[in-house]
Amino acid sequence: MSRLIRMDASGHSTLAEWTVEEGYDDAVEQFRRQLEEGWIAVRDEGEGRATQLTELPREADLVILRRPIAGG
Amino acid sequence: MQHGAVSNAAVLPELASVPWREPTTAATLRRWGRLWTLWTVAWCVPFIAAGVVLVWIEPLAAAVSLACLAHAWIIPELYAHRGASVVHPKGPRNESAEPVAQGLLGDLLSHDARALQQRTGLALERGSFGVWLVGEGGVLLVAPGGRRVHAFCVRVSDRSLPPSDRIAHLLLALRADETGFATVANHAYSGATWRIRRRLRKPGRPALDEARAAARTPAGG
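About the thresholds
Residues numbered from 1 in each chain as written. Chains lettered and ligands numbered in written order. Predicted model: local features only at pLDDT ≥ 70, side-chain atom pairs only at ≥ 80, totals over all residues. Heavy atoms only, no water. Helix = DSSP H or I, 4+ residues; strand = E, 2+ residues; numbered from the N terminus. Expected span 1.5 Å × (residues − 1). Buried < 20%, exposed > 50% of the residue type's maximum accessible area, 1.4 Å probe, protein only. Arc of directions from axis to C-beta. Contact = heavy atoms within 4.5 Å. Buried area = accessible area lost by both parts, 1.4 Å probe. Salt bridge = Lys/Arg side-chain N within 4 Å of Asp/Glu carboxyl O. Polar contact = N/O pair within 3.5 Å; in protein donor to acceptor, adjacent residues only side chain to side chain.

Some details on helix α1 (residues 24-36) of chain A
All names here are of chain A.
Working step 1: Across its 13 residues, α1 extends 18 Å between first and last C-alpha, which sits within 8% of the 18 Å expected from 1.5 Å per residue.
Working step 2: Listing the buried residues of α1 in full gives Tyr-24, Ala-27, Val-28, Gln-30, Phe-31 and Gln-34. Seen from one end, α1 has its buried residues packed into an arc of 165°, which puts them on one side. Residues of α1 that are exposed and point more than 90 degrees away from the buried face comprise Asp-25, Asp-26 and Glu-36.
Working step 3: Contacts made by the buried residues of α1 are with β1 (2-6), β2 (13-18), β3 (40-44), β4 (50-53) and β5 (62-66).
Working step 4: Residue Gly-38 follows α1 closely and has a positive phi angle near 105°.

Structural notes on the environment of Arg-34 of chain B
Residue and element names in this part refer to chain B.
Working step 1: With respect to the element layout, Arg-34 can be found in helix α1 (residues 26-57).
Working step 2: Taking the relative accessible area as the measure of exposure, Arg-34 reaches 53% and is therefore exposed.
Working step 3: Considering only alpha carbons, one finds Arg-34 and Ser-190, 156 residues apart in sequence, at a separation of 8.7 Å.

Focus: the interface of chain B and chain A
Working step 1: If you look at the interface, chain B gives 39 residues, while chain A gives 31 residues.
Working step 2: Here chain B and chain A share an interface that buries about 2900 Å² over both sides, 59% of which is from carbon and sulfur atoms.
Working step 3: Scanning the region where chain B abuts chain A turns up two salt bridges.
Working step 4: Between Arg-175 of chain B and Asp-44 of chain A there is a salt bridge, with the nearest N and O atoms lying 2.8 Å from each other.

Brief notes about the side chain of Gln-34 of chain A
Residue and element names in this part refer to chain A.
Working step 1: You can see Gln-34 is positioned in helix α1.
Working step 2: In this structure the side chain of Gln-34 is engaged in a polar contact, spanning 3.0 Å, whose partner is the side chain of Gln-30.
Working step 3: Not counting the four nearest positions on each side in its chain, Gln-34 is found in contact with Arg-6, Leu-15, Trp-39 and Leu-65.

In structure tokens form, the structure reads like this:
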């Protein structure tokens, strides 16, 4: 089961779950809505690597939405 | 099979908010390091010289001379304090959500880095510029060789996030685009590792020790 999660005040919220067979289209809709609201999508690839996404990969295990960062 | 598209060759979107900044590279970091050293020397040498000359001219001015030497010592310490403070815990703790956030952050880290983060509050991450220590509202970068540390102020603006989520935000941005991350972050300090270590709170010092050790060994070594 793949998951789209958002890091928020609750720790993180699961926004969508999908498998290869079902749920992907709903997840894509949710994904696009979050990007329009200013969230940034990242797929962590371990060992110090992560990829920013503009489309939801069907085969991804986990896609994380984060807020923009800024110099403090 | 549909693949995710990498946004603009993996450039951090936040770079759009600082278009005037020169991209941070290993060379610019070395330059910053040299500038900080020169700046510190420029502050300290006049005070040291004044302290020595005063005693030489008038031994009874020893008290004033000591005050000058104290200034020469205190000024670099104040800068180091400023650098160390970027990784001090700050902001609301949001303790009810922290266990959930800690679980996600733990999933992003290796076993050793996870254990270190839980002990010290800082997440260790190797990068091409050196070894990073990621805190809630700032990061330290231990340069290759382990003798110099750069401190950066950088944070996610949402203060409702639990501390581990703030770290995870910075960690993911760093992993996605190290150059962009270092460019967006505000460079707050650069100086000797031993000096900044003294100004870190005790729980954070083992993380700096680990980062310094890692910075002395090549990746995978």
